[in-house]
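What follows is the residue order along each chain.
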Amino acid sequence: MSESTKQRVMEIRAGLSHALGAAQTALEHAQQAAAAADERRRRVTDAVTGRRRKLSAARDERIADIVTWHDTELAALAGAAAAAADRAAPGAAGEPWHSWEVTPLAKAAELRIGRLLLPEAPHPHPERAQRAEPSPWATAPGTPREPAEPLPDDSPPEVPALVPLLDHGHVVVGGDDRLADELVAGLLLRALGTSAPGMVQIVGYDPEHLGGGLAGFAPLATAGVLTFAGPSELPALLEDMVGHVRRINEKVLAGEYASLRELHAVTKRRPEPWRVAVLLGAPELSRHERSQLDRLLRTGAACGVHLVIHGLVVEPGPGIEFVHAAPGDDARVAGAGDLPVRLDPGPPPVVLTATCRQIAEAVAAGPAPVALESLLPEAGQEWQESAAAALTAPLGDSPQGSTVRVTLSDYPPHALIAGPSGTGKTNFIYAWLGALAARYSPAELAFYLLDFKEGVSFARFAPGRRDPSWMPHVRLVGVNVNTDREFGLALLRFLGGELRRRADAAKQHEVTNLAELRAEDPEGSWPRIVAVVDEFQVLLAGRDAVAAEAVDLLEDLARRGRSQGIHLVLASQDVSGIEALWGRPALVAQFSLRIALPKARRVLAEQNNAADTLPRYHAVVNADSGAASANQVVRVPAAGDRDQWSALQHRLWRRRPAELGPPRLFDGDVVPRLAESPDFRALRASEAPAAPIALLGETIDVTARSARTVLRRAPGRNLAVLGTRVDEACAVLATAARSLAAQFEPDGARFSVVCLDQDAQAAAEALHARIPECGWYDSENVDWLLEDAAAEATAAWPADRPHFILIYAADALPGGKAAADQLRTVLRQGPERRLHVLGWWRGAGLLRDSLGGQASRTDPIGAWVALDVHGSELAPFYPGAGAPNWYPRPWRALHFDRSVHRGAEVIIPYGTS
């Protein structure tokens, strides 16, 4: 082998060896790469398996969350639906029959007929269950909720099935006849139970059963809440309903409101009752009848007319709810979609009958009045109106819902109110005065209130023991004035004086009425005056001087007061009160504003019988002298409620001007006290008053004026108290002595008390103790006083100081003729020498004997106070040929002073305390 061959072999071997090494190296690398790939595949496989496991776990957890959310939301929605149903149908609208009772609501509600059968859903565990939020559908699965209290139990809430009726639309019932009748009965009873008595009127049309389908509601028929239309009366029923809708649109809504529901929401008044026509089957309707029915279905609900129909084909339309009555879970309500409904059974007969009787009784008793606040302006808006031209105030609502306003002005100027006892006359007056007082300030309006026949109706206007407030507009309150007709006369005299004052001012400013006077004299005080006299016929009773003067004053005030802002309001509860005016046509004609309460007679025109059918808390207001064409029926608020009135009075009282004091209160049953007399409190001591004043009692007058006698140096300036009533006689003498003593400094006058009657001794001793250094005399030593007094009376010069001798039972004077002569001397000559006798004689005849008998002169007695002495006995002491018209009354006296009086005046002695 050649070297070249070997060399080539070696090269080949070397190349093969190198290739083998490279192949081995490549193999090793390939094996390493395969191992790495296997490792990567394993890791990928492990990762995929782990991810699949995690995804499966996450999926299961998410599914569990979704299921939990679904269950929670379904339960929350069911709870929200139940709560919404409770709000939509509160009280009698939705309560089950076992706990049902009448609960009138402020506005119409939807009515329950059964319960909805919601889809079943597992209720969440109490630890996870949450109550429904305001918007439960706003959350998403997995969204965390705010913690809330768990539901109290695991039972799903009951969701009532409701249908709208009143103020919403109509209900058409189909399906099973028996169940449909029960459903209709339940609807009607719930509608009645959620409204005020009488505010739902039902008309039944049942040609097949002749009203038997509504037999359970029969008690309502007596009260007019339920009426029936006969089998042939369907056309007339539909015509009547359509006419009613037309009237509501024209006269009540009048284009201002779209529906009665809107009117009620704005005004808070429901002027018309709902009318529900129940049509239980009908024959084939004519084209006209179908047209009328369609009109009612379209327009009736807005006007409070609703139809409940069973057995009559009705096409679907807005506001019509269809109910299919079926047993079990097969009933359906159109408004609930496809949800099944389980109908409630009909109302229990006992509940139905009892409720209908309760409603009928309430309707028969009359509607409840509205609140007094309905007449008043908003708080803070009082006293905003001017009375220059008129006084106008609302009195309540008309049947159509409009506000009835009453005006006092030049026309109508005066009002006449009539109503039997129990018909609300006092309540009406309260409402009227309250409405006026809230609108006009005391500078614009003044009240003078007088109540005869032992009435205390107006006492609340004045301050009392429990309530110190008073109505700021009231200047005078007279109560319990049954026997004191003179007080009514005094009021008329006062108003007559005010009329003259205003007429003089009008002449001075060259004007003709109050509005012009106020414009010319803006700084003057010219409020309009409203004088209310309740049971005024007492003042006009009898044929005496009081009645004659009262009629004259009334006629003058009624004729001329209108232009000067003085308005009279006369009220009476019986026919005799009105008849007291009927013979005086000139007077009656001035009272053009007539107000008749239920069953009032003769206050309206002769053929006007509108008051005969009025319910309670209503009145006929007529501003045209009672002509029927001017009638306005008004529902009057309950102004007699003391709490409501007190709230109004306190609100106005707190706004009163600081200078405005309380009104003058005259209570005929209260004995006045001398310490409270303004005249007594005004007395001041002086060294030598020229004409001492003896107060005697309170006059029956508008002002609390004291009756007085002036004991000046003049003949006859003595005082005689006549009668047998010891307490009253002692009270008059004590009043006179105390008032005289208050005018003198100590030792400025001399007082001597003579007591000759054992029954008067306690009162005489009390007076003696009250007057400093007063002399005391009785039957044992009175002769000394008489002898001394007679000497003073015949002296040439008057005494250095006045001497007042008070004699209790002067007719019992001992000493025979000598003592009697001495007393006559003192009576005749003493006053000119400042010696005055104030004596009590127990009879007018006994005084005449003391003066010297029947033929003697009576002028030594210049003033007298008669107690239980008849007028005929006083003729010798009265000027002229007649005698005063006086009949004794308890704690009343007749006072006459010949130096100042043309006629006697009635006074009330001050109490002895």
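Residues numbered from 1 in each chain as written. Predicted model: local features only at pLDDT ≥ 70, side-chain atom pairs only at ≥ 80, totals over all residues. Heavy atoms only, no water.

1. A closer look at unusual backbone geometry
Glycine aside, residues mostly have negative phi angles, and peptide bonds mostly take the trans form.
Thinking step 1. Cis geometry is found at the peptide bond from tyrosine 411 to proline 412, where omega equals -5°.
Thinking step 2. Turning to its location among the elements, proline 412 is positioned in the loop between β12 (403-408) and β13 (415-418).
Thinking step 3. One non-glycine residue with positive phi stands out, namely aspartate 167, at about 65°.
Thinking step 4. Within the secondary structure, aspartate 167 sits in the loop between β2 (159-163) and β3 (170-175).
Thinking step 5. Assessed through its relative accessible area of 7%, aspartate 167 is described here as buried. (Helix = DSSP H or I, 4+ residues; strand = E, 2+ residues; numbered from the N terminus. Buried < 20%, exposed > 50% of the residue type's maximum accessible area, 1.4 Å probe, protein only.)

2. A short note on the pairing of β3
On any regular strand, side chains alternate: one points to one face of the sheet, the next to the other face.
Thinking step 1. Alignment of β3 against strand β8 (residues 320-325), held across 6 bridges, turns out to be parallel. The residue bridging valine 172 from the neighbouring strand is phenylalanine 322, located in β8.
Thinking step 2. Judged from the 3 bridges that link them, β3 and strand β7 (residues 305-310) form a sheet pairing that is parallel. Bridge assignment links valine 173 to a residue of β7, and that residue is histidine 310. (Pairing = 2+ DSSP bridges.)

3. A look at the packing of helix α7 (residues 425-439) against helix α14 (residues 642-653)
Thinking step 1. It is the contact of α7 with α14, at a shortest axis distance of 11 Å, that shows an interaxial angle of 25°. One element, α7, and the other, α14, form an angle in the roughly parallel class. Between α7 and α14 lies a crossing whose hand is left-handed. Where α7 abuts α14, its residues Tyr430, Gly434, Ala437 and Ala438 lie against Trp645, Leu648 and Leu652.
Thinking step 2. For the contact of α7 with α14, the per-class residue count stands at 6 nonpolar, 1 polar and no charged. (Axes fitted to C-alpha atoms, helices over the stretch in contact; angles between N-to-C directions. Parallel < 35°, antiparallel > 145°, perpendicular 65-115°, else oblique. Left-handed = near helix turned anticlockwise from the far one by under 90°. Contact = heavy atoms within 4.5 Å. Nonpolar A, V, L, I, M, F, W, Y, C, P; charged D, E, K, R; others polar.)

4. A few points about α7
Thinking step 1. End to end, α7 covers 22 Å across 15 residues, agreeing with the expected 21 Å (1.5 Å per residue, within 8%).
Thinking step 2. Of all 15 residues in α7, 14 are buried; the element is thus mostly enclosed. (Expected span 1.5 Å × (residues − 1).)

5. Points about the sheet that holds strand β1 (residues 111-116)
Each strand in a sheet pairs with another by means of backbone hydrogen bonds, the pair being arranged parallel or else antiparallel.
Thinking step 1. Strand order in the open sheet made by the 3 strands is β2-β1-β10, with antiparallel pairing throughout. Taken across any chain shown, the strands that pair with only one partner, and hence form the sheet edges, are β2 and β10 (341-343). Across the sheet, the mean angle separating the axes of adjacent strands is 50° when strand polarity is ignored.
Thinking step 2. Sheet topology note: the β1/β10 ladder contains 3 bridges and is antiparallel. Within β10, the position partnered with arginine 115 by the bridge is arginine 342.
Thinking step 3. Helix α2 (residues 177-193) contacts β1, β2 and β10 of the sheet and is inclined by roughly 130° relative to β1.

6. Describing the pattern of salt bridges
Close approach of charged atoms lets side chains of opposite charge pair.
Thinking step 1. What the rule picks out here adds up to 39 salt bridges.
Thinking step 2. Across the salt bridge formed by aspartate 46 and arginine 42, the nearest N and O atoms sit 3.0 Å from each other. You can see aspartate 46 and its partner arginine 42 sitting in helix α1 (residues 3-88), 4 residues apart, about one turn around the helix.
Thinking step 3. Among the ionic pairs, arginine 493 bridges to glutamate 549, the shortest N-O distance being 2.9 Å. Of this pair, arginine 493 sits in helix α8 (residues 485-508) while glutamate 549 is found in helix α11 (residues 545-560), placing the two residues 56 residues apart along the sequence. (Salt bridge = Lys/Arg side-chain N within 4 Å of Asp/Glu carboxyl O.)

7. Side note on the packing of aromatic side chains
Thinking step 1. On inspection of all chains with the given rule, the structure shows 13 aromatic pairs.
Thinking step 2. Ring geometry for tyrosine 448 and phenylalanine 494: centres 5.3 Å apart, planes at 45°, overall tilted. Here tyrosine 448, found in strand β14 (residues 445-451), pairs with phenylalanine 494, found in helix α8; they are 46 residues apart in sequence, far enough to count as distant.
Thinking step 3. You can call phenylalanine 494 partly exposed: its relative accessible area is 29%.
Thinking step 4. Through successive ring pairs, a cluster of aromatic residues spans Tyr430, Phe458, Phe461 and Trp645.
Thinking step 5. Of note, arginine 190 hangs over the ring of tryptophan 97, and the distance from its end group to the ring centre comes to 4.2 Å. (Phe/Tyr/Trp six-rings, centres within 6.5 Å; stacked < 30°, edge-to-face > 60°. Lys NZ or Arg CZ within 6 Å of the ring centre and 35° of its normal.)

8. A word on the confidence of the model for the protein chain
Thinking step 1. Confidence in the prediction for the protein chain averages 87 pLDDT; 94% of positions are at 70 or higher.
Thinking step 2. Predicted confidence in the protein chain is weakest over helix α12 (residues 575-582), with a mean pLDDT of 59, and strongest over strand β24 (residues 719-722), with 97.
Thinking step 3. Contacts for the low-pLDDT stretch residues 121-153, under 50 throughout, to residues beyond four places or in other chains number 49 contacts. (pLDDT = per-residue confidence, 0-100.)

9. Overview of the packing of helix α3 (residues 234-253) against helix α5 (residues 287-299)
Thinking step 1. Packing of α3 against α5 brings their axes to within 10 Å, and their N-to-C directions diverge by 35°. In the crossing of α3 with α5, the sense of the turn from one axis to the other is left-handed. Taking contact as the criterion, the partners of Pro235, Leu238, Glu239, Met241, Val242 and Val245 in α3 are, on α5, His288, Glu289, Gln292, Leu293, Leu296 and Thr299.
Thinking step 2. Its residues assigned to classes, the contact of α3 with α5 shows 7 nonpolar, 3 polar and 2 charged.

10. Some words on the sheet that holds strand β30 (residues 893-897)
Thinking step 1. Reading across from one edge, β23-β22-β31-β30-β29-β24-β28-β27-β25-β26 is the order of the 10 strands in this open sheet, with mixed pairing throughout. Taken across any chain shown, the strands that pair with only one partner, and hence form the sheet edges, are β23 (706-710) and β26 (775-777). Averaged over neighbouring strand pairs, the angle between their axes works out to 25° when direction is ignored.
Thinking step 2. Here strand β25 (residues 750-755) runs beside strand β27 (residues 803-808); their pairing, made up of 6 bridges, is parallel. The partner of serine 752 across the bridge, within β27, is isoleucine 805.

11. Here's the deal with the nonpolar core
Thinking step 1. With 117 residues, the main nonpolar core has Tyr808, Leu838, Trp840, Trp864 and Leu874 as its most contacted residues.
Thinking step 2. A total of 9 residues in this core trace back to one element, the largest contributor, which is helix α16 (residues 726-741).
Thinking step 3. If near-sequence neighbours (up to four positions away) are discounted, tryptophan 864 is found in contact with Leu719, Ala720, Leu874, Phe877, Tyr878, Pro884, Leu894, His895 and Phe896. (Core = buried A, V, L, I, M, F, W, Y, C linked by side-chain atoms within 4.5 Å.)

12. Considering the pairing of strand β19 (residues 618-622)
Thinking step 1. Judged by how many residues are buried, β19 sits mostly within the fold: 5 of 5 residues are covered.
Thinking step 2. Burial of the side chains of β19 extends over both faces: His618, Val620 and Asn622 are buried on one face and Ala619 and Val621 on the other.
Thinking step 3. Pairing analysis gives 3 bridges linking strand β18 (residues 593-596) to β19, with the strands arranged antiparallel. The partner of isoleucine 595 across the bridge, within β19, is valine 621.
Thinking step 4. Inspection of the sheet shows β19 paired to strand β20 (residues 631-635) by 5 bridges, in the antiparallel sense. Note that in β20 the partner of valine 621 across the bridge is glutamine 632.

13. Describing empty space enclosed by the protein
Thinking step 1. Evaluation of the coordinates by the stated rule reveals 3 cavities of 30 Å³ or more.
Thinking step 2. Of the voids in this model, the largest cavity is the one considered here, and its volume is about 70 Å³.
Thinking step 3. Lining the largest cavity, in full, are Trp97, Arg112, Ile113, Glu182, Leu183, Gly186, Leu187, Arg190, Asp344, Pro345, Gly346 and Pro347.
Thinking step 4. Among the secondary structure elements, those contributing two or more residues to the lining of the largest cavity are β1 and α2.
Thinking step 5. A volume near 50 Å³ is recorded for the second largest cavity.
Thinking step 6. Secondary-structure elements contributing two or more residues to the lining of the second largest cavity are α7 and β16 (528-534). (1 Å grid on protein atoms, 1.4 Å probe; cavity = no way out; pocket = protein on both sides within 12 Å on 5 of 7 lines; lining within 4 Å. Points joined across faces, edges and corners; volume = space filled by probe spheres on them.)

14. A short note on the environment of valine 479
Thinking step 1. With respect to the helices and strands, the residue valine 479 is situated in strand β15 (residues 474-479).
Thinking step 2. The exposure class assigned to valine 479 is buried, which follows from its relative accessible area of 2%.
Thinking step 3. The spatial distance from the C-alpha of valine 479 to the C-alpha of glycine 815 is 49 Å, given a sequence separation of 336 residues.

15. Re the side chain of histidine 414
Thinking step 1. Tracing the sequence through the fold places histidine 414 in the loop between β12 and β13.
Thinking step 2. A polar atom in the side chain of histidine 414 sits 2.9 Å from the backbone oxygen of alanine 558.
Thinking step 3. Here the side chain of histidine 414 touches leucine 568 through a polar contact of 3.0 Å, landing on its backbone nitrogen.
Thinking step 4. Other than its neighbours up to four places away in sequence, histidine 414 contacts Leu408, Leu557, Ala558, Arg562, Ile566, His567, Leu568, Gln590, Phe591, Ser592 and Leu593. (Polar contact = N/O pair within 3.5 Å; in protein donor to acceptor, adjacent residues only side chain to side chain.)

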